[in-house]
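# Per-entry structural report
Here's the letter readout for the chains.
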Amino acid sequence: DTAVSQTPKYLVTQMGNDKSIKCEQNLGHDTMYWYKQDSKKFLKIMFSYNNKELIINETVPNRFSPKSPDKAHLNLHINSLELGDSAVYFCASSPREAGNTIYFGEGSWLTVV
Amino acid sequence: AQSVTQPDIHITVSEGASLELRCNYSYGATPYLFWYVQSPGQGLQLLLKYFSGDTLVQGIKGFEAEFKRSQSSFNLRKPSVHWSDAAEYFCAVGAVGTASKLTFGTGTRLQVTL
């Protein structure tokens, strides 16, 4: 079974639409993340949740809203999609303690047209 | 705030040749250091990590990296590259004592010629 799984893997949508990406981890980790990889392959953290509590929010537009129904799930909802939102979004998880290895999902390729 | 620099955007090596990918970090104390690999269309896979102790760390797929505090470097090496090693390689630094958060370098794309 995949440790960190996210769906959908590919998503093509029009500007202005609202879309969600779902993420689940079966590693028993307390902390989950969303990272964004832009067209130049640059990876940057967006959010981090620790046991359903938001602990990192890196100046992301409020059109992006993470939701963690339980510590094994962290979904990303995006409102009013813009062309610049096209990117690869990676979900990840790690044990709670700082410095532990972060395990990444396979990514969700979002294309806004 | 921590930062990571990968000076080489693109490297080409012949299969069987040795490889060294450079990584320099900026952080006020001893950081946690990681190398991840991303194959085309794939997610990120951890190659190796340094937390403390022996400054030469061994990873998967025959990779190793050496932490050099005096040079603020954590270069990745492999003695003999295989064609399947062609991928994007990312160095990352994690801050000690805070919530886990990785700051990534901009990546180095490795091309392997036969």
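Data block above holds the structure.
Calculation rules
Residues numbered from 1 in each chain as written. Chains lettered and ligands numbered in written order. Predicted model: local features only at pLDDT ≥ 70, side-chain atom pairs only at ≥ 80, totals over all residues. Heavy atoms only, no water. Core = buried A, V, L, I, M, F, W, Y, C linked by side-chain atoms within 4.5 Å. Buried < 20%, exposed > 50% of the residue type's maximum accessible area, 1.4 Å probe, protein only. Helix = DSSP H or I, 4+ residues; strand = E, 2+ residues; numbered from the N terminus. Contact = heavy atoms within 4.5 Å. Pairing = 2+ DSSP bridges. Axes fitted to C-alpha atoms, helices over the stretch in contact; angles between N-to-C directions. Phe/Tyr/Trp six-rings, centres within 6.5 Å; stacked < 30°, edge-to-face > 60°.

### Side note on the nonpolar core
Among the nonpolar cores identified, the biggest contains 26 residues, and L19(B), W35(B), L47(B), L48(B), F74(B), L76(B) and Y89(B) are the most heavily contacted of them. Of all the elements in the fold, those that place two or more residues in this core are β2 (10-14), β3 (19-21), β5 (32-38), β6 (44-50), β8 (64-68), β9 (73-78), β10 (87-94) and β12 (108-113) of chain B. Setting aside anything within four residues of it in sequence, one finds L76(B) in contact with L19(B), E20(B), L21(B), W35(B), L47(B), L48(B), F63(B), E64(B), A65(B) and Y89(B). Counting residues in each nonpolar core, the second largest holds 20 residues, with Y49(A), V60(A), L74(A) and Y89(A) among its members.

### Overview of the sheet that holds strand β7 (residues 64-70) of chain A
Residue and element names in this part refer to chain A. Taken in spatial order, the four strands of this open sheet run β1-β3-β8-β7, and their pairing is antiparallel. Strand pairing shows two members of the sheet lacking a second neighbour, β1 (4-7) and β7, which therefore form its edges. When the angles between neighbouring strand axes are averaged without regard to direction, this sheet yields 20°.

### With respect to the packing of aromatic side chains
Under the counting rule described, the total for this entry stands at 18 aromatic pairs over all chains. Consider the rings of F90(A) and F104(A), whose centres lie 6.3 Å apart with planes at 85°: the pair is edge-to-face. Of this pair, F90(A) sits in strand β9 (residues 87-94) while F104(A) sits in strand β10 (residues 103-104), placing them 14 residues apart in sequence. Taken as a pair, F90(A) and F104(A) share a single burial class, namely buried. Where F104(A) meets Y36(B), the ring centres are 5.3 Å apart and the plane angle is 85°; that geometry is what we call edge-to-face. Here F104(A) is found in strand β10, whereas its partner Y36(B) is found in strand β5 on a different chain. The class of Y36(B) is buried, set by a relative accessible area of 1%. One aromatic cluster in this structure is built from Y10(A), Y33(A), Y35(A), F90(A), F104(A), W109(A), Y32(B), F34(B), Y36(B), F51(B), F90(B) and F104(B).

### Things to note about unusual backbone geometry
Residue and element names in this part refer to chain A. In this model, T7 is joined to P8 through a cis peptide bond whose omega is 0°. Summarising the element assignment, P8 is placed in the loop between β1 and β2 (10-13). One non-glycine residue, N51, lies in the positive phi region at around 50°. Looking at the element boundaries, N51 is found in the loop between β5 (43-50) and β6 (53-57). Phi at S80 is positive, roughly 45°, even though this residue is not glycine. Position of S80 relative to the elements: it lies in the loop between β8 (73-78) and β9. The class of S80 is partly exposed, set by a relative accessible area of 39%.

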